[in-house]
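# Fold and geometry: a report
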Amino acid sequence: MTTNSATTPPPPGGDAVPIVLQGRITAYTAGPVWQAALDTLANNRDRPVILDASRLEHIDDVGIALLFDLARLERASGPTVEVRDLEPRFAALVAAYDPKDFARPPTARKRSGFFEQLGRATAGQLAYAQEMLEFLKACAAAAWRVLRGRGTSRWGEILDVATEAGANAVAIVLLVGFLMGVIIAFEIGLVAQEFGAVIFVVNGVGVAMLRELGPLMTAIVFAGRTGAAFAAQIGTQKVNEEVNAIVTFGLSPIQFLVLPRLIASALMLPLLAILADVVGVFGGALVMLGFKISFVQFYNQLLGAVTAWDFVLGILKAAVYGLAIAAIGCQRGLATGAGATSVGLSTTSAVVTSIVMIVVIDGVFTIFTS
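Conventions we followed
Residues numbered from 1 in each chain as written. Predicted model: local features only at pLDDT ≥ 70, side-chain atom pairs only at ≥ 80, totals over all residues. Heavy atoms only, no water. Helix = DSSP H or I, 4+ residues; strand = E, 2+ residues; numbered from the N terminus. Buried < 20%, exposed > 50% of the residue type's maximum accessible area, 1.4 Å probe, protein only. Contact = heavy atoms within 4.5 Å. Areas by Shrake-Rupley, 256 points an atom, 1.4 Å probe, with all protein chains shown as cover. Salt bridge = Lys/Arg side-chain N within 4 Å of Asp/Glu carboxyl O. Core = buried A, V, L, I, M, F, W, Y, C linked by side-chain atoms within 4.5 Å. Phe/Tyr/Trp six-rings, centres within 6.5 Å; stacked < 30°, edge-to-face > 60°. Patch = residues over 30% accessible without salt bridge, like charges linked within 9 Å, V, L, I, M, F, W, Y side chains within 5 Å. Expected span 1.5 Å × (residues − 1). Arc of directions from axis to C-beta. Pairing = 2+ DSSP bridges. Right-handed = clockwise from strand over helix to strand, strands pointing away. Disulfide = S-S within 2.5 Å. pLDDT = per-residue confidence, 0-100. Axes fitted to C-alpha atoms, helices over the stretch in contact; angles between N-to-C directions. Parallel < 35°, antiparallel > 145°, perpendicular 65-115°, else oblique. Left-handed = near helix turned anticlockwise from the far one by under 90°. Nonpolar A, V, L, I, M, F, W, Y, C, P; charged D, E, K, R; others polar.

### Thoughts on the overall build of the chain
Helix and strand content of the chain: 13 helices and 4 strands. Counting the 370 residues in the chain, one finds 41% classified as buried. The long-range share in the chain, meaning contacts at least 24 apart out of those at least 6 apart in sequence, stands at 82%. With an accessible surface of roughly 20400 Å², the chain has 65% of that area assigned to carbon and sulfur atoms.

### Observations concerning the pattern of salt bridges
As a working rule, side chains carrying opposite charge can pair if their charged atoms are close by. By the definition in use, this model includes 5 salt bridges. Lys-317 is paired through a salt bridge with Glu-212; the nearest N and O atoms lie 2.8 Å apart. Taken together, the positions of Lys-317 in helix α12 (residues 308–334) and Glu-212 in helix α8 (residues 201–239) put the pair 105 residues apart, joining distant regions of the chain. Accessibility expressed as a relative area gives 1% for Lys-317, which makes it buried. Connected through shared salt-bridge partners, Glu-212, Lys-317 and Asp-362 make up one network.

### Overview of the nonpolar core
Core analysis: the biggest nonpolar cluster contains 43 residues, and Met-209, Leu-269, Met-288, Phe-298, Tyr-321, Ile-325 and Ile-358 have the highest contact counts within it. Mapped by element, the contributors of at least two residues to this core are α7 (170–194), α8, α10 (253–289), α11 (295–305), α12 and α13 (340–369). Residue contributions to this core peak at 12 residues, all from α8. Residues in contact with Leu-269, not counting those within four places in the same chain, are Thr-218, Ala-219, Phe-222, Ala-318, Tyr-321, Gly-322 and Ile-325. Core analysis: the next-biggest nonpolar cluster, separate from the first, contains 25 residues, Val-146, Ile-158, Phe-230 and Val-243 among them.

### Side note on the packing of aromatic side chains
Considering all chains together, one arrives at 1 aromatic pair under this definition. The interplanar angle of 5 degrees and the centroid separation of 6.5 Å between the aromatic rings of Phe-282 and Phe-295 together place this pair among those described as stacked. In this pair, Phe-282 is assigned in helix α10 and Phe-295 in helix α11, connecting sequence segments 13 residues apart. Since its relative accessible area comes to 44%, Phe-282 is described here as partly exposed.

### Here we look at a nonpolar patch on the surface
The grouping of Val-352, Val-356, Met-357, Val-360, Val-364, Ile-367 and Phe-368 at the surface amounts to a nonpolar patch, some 680 Å² of accessible area in total. Tracing the sequence through the fold places Val-364 in helix α13. Owing to a relative accessible area of 40%, Val-364 belongs among the partly exposed residues under this scheme.

### Considering the environment of Ala-165
Relative to the helices and strands, Ala-165 is located in helix α6 (residues 155–165). When its relative accessible area of 1% is taken as the criterion, Ala-165 is described as buried. A C-alpha to C-alpha distance of 9.6 Å links Ala-165 and Phe-230, two positions 65 residues apart in sequence. Apart from the residues within four sequence positions on either side, Ala-165 is in contact with Phe-222, Arg-225, Thr-226 and Leu-272.

### Topic: α7
An ideal rise of 1.5 Å per residue puts 36 Å on 25 residues; α7 measures up with 37 Å between its terminal C-alpha atoms. Of the residues making up α7, those classed as buried are Val-173, Val-176, Gly-177, Met-180, Gly-181, Ile-184, Ala-185, Gly-189 and Ala-192. Taken together, the buried residues of α7 touch α8 and α10. Directly after α7, the chain includes Gly-196, whose backbone phi takes a positive value near 70 degrees.

### Focus on α11
Taken together, the buried positions of α11 are Phe-298, Leu-302 and Ala-305. Looking straight down α11, one finds that the buried residues subtend no more than 65 degrees of arc, so they occupy a single side. Residues of α11 that are exposed and angled more than 90 degrees away from the buried face: Val-296, Leu-303 and Gly-304.

### Regarding the pairing of strand β3 (residues 49–59)
Strand direction decides the pairing type here: strand β2 (residues 17–25) and β3, joined by 8 bridges, are parallel. Of the residues in β3, the one forming a bridge with Arg-24 is His-58. Once the chain exits β2 it traverses helix α1 (residues 30–43) before rejoining the sheet at β3, and the crossover so formed is right-handed. For β3 and strand β4 (residues 81–84), the ladder comprises 4 bridges, and the chain directions are parallel. Of the residues in β4, the one forming a bridge with Leu-51 is Val-83.

### Details of the state of the cysteines
Evaluated as defined, the whole model comprises 0 disulfides. Its sulfur unpaired, Cys-139 is 7.4 Å from the next cysteine sulfur, which belongs to Cys-330. Taking relative accessible area as the criterion, Cys-330 reaches 0% and is therefore assigned buried.

### Overview of the confidence of the model for the chain
Averaged over the chain, the pLDDT score is 82; the fraction of residues at 70 or greater is 88%. Within the chain, the lowest mean pLDDT, 57, falls on helix α4 (residues 99–102), and the highest, 91, falls on α12.

### Remarks on the packing of α8 against α11
α11 packs onto α8 with a crossing angle of 60 degrees between their chain directions and a minimal axis gap of 9 Å. Regarding the angle of α8 to α11, the classification is oblique. Crossing hand, α8 versus α11: right-handed. Taking contact as the criterion, the partners of Val-202, Asn-203, Gly-206 and Val-207 in α8 are, on α11, Phe-298, Gln-301, Leu-302 and Ala-305. Of the residues assigned to the contact of α8 with α11, the class counts are 5 nonpolar, 3 polar and no charged.

Given below as structure tokens:
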């Protein structure tokens, strides 16, 4: 059986120190050989070293790395390390690399200026906007095919998504809506009481809940709960190659995964917003009892303060919020990379982007409907 070793016989009358490499040097046996060679080099810093490879029978990639590393080591006083009698098939691999290429000092990292960072951020946002636009076009095309009867709408899947996204979120929406009504009525009531205009707090509660806070707070809760779930579900399917399997079967991921979530979100968020409006107004009415405003007075004042347009505007906002949250969550899920970390990043990005988009959409609605 051939042994693998690096031996250092005494110098044959010259100053050079020979290191004899013999046998088979592979990934399993290179460790001791490598360490012995390094020790020899360390003990003979001021003498040239000859690597005698005439007895080598076989070396793999690790053996090539050993020879290359020993040949390129920098010596303190300048003596060289020379490899002799290496078979041509191995020598060609060692000679394919220039040690000078690995001796270059690392270049200092250039610090980006403010305008460069701003330009990169702008370019990234423009690229995302273009990607999102293409995604929305694909969703619109899938919806149009369903309306024309060329595609099937999976109502069972839509019902399941609606149950998870809507019915299971009723409790938290009711809690948030009720607390918002209580907080608004209490804060405005304390100020209005100083001017003897407590009755007009009803106007503020009604308009704020129906037009703004009811749909807005419901959408934020929906984004954190359901938008994140959409991104995580589709992102996990993307990582597990399930999306590729859908494409392999000739199905469209947009129609199969995205469209049911878009429809369910557009239907459920307005219903949740209505519940938030009702409990928010009721919370405001309870607070008004402490300011000597009865339920009857509250009801009569509310009817004169709000209109049907306030209610319809809030429902329309909620529907747009639902579409935006579902689209962002699904798009982030489909854009997920490899690994569990990518799923987490997609989920976080979906929530943050959804909340920002909710505020932007609300601002657009406010400008065009005031």
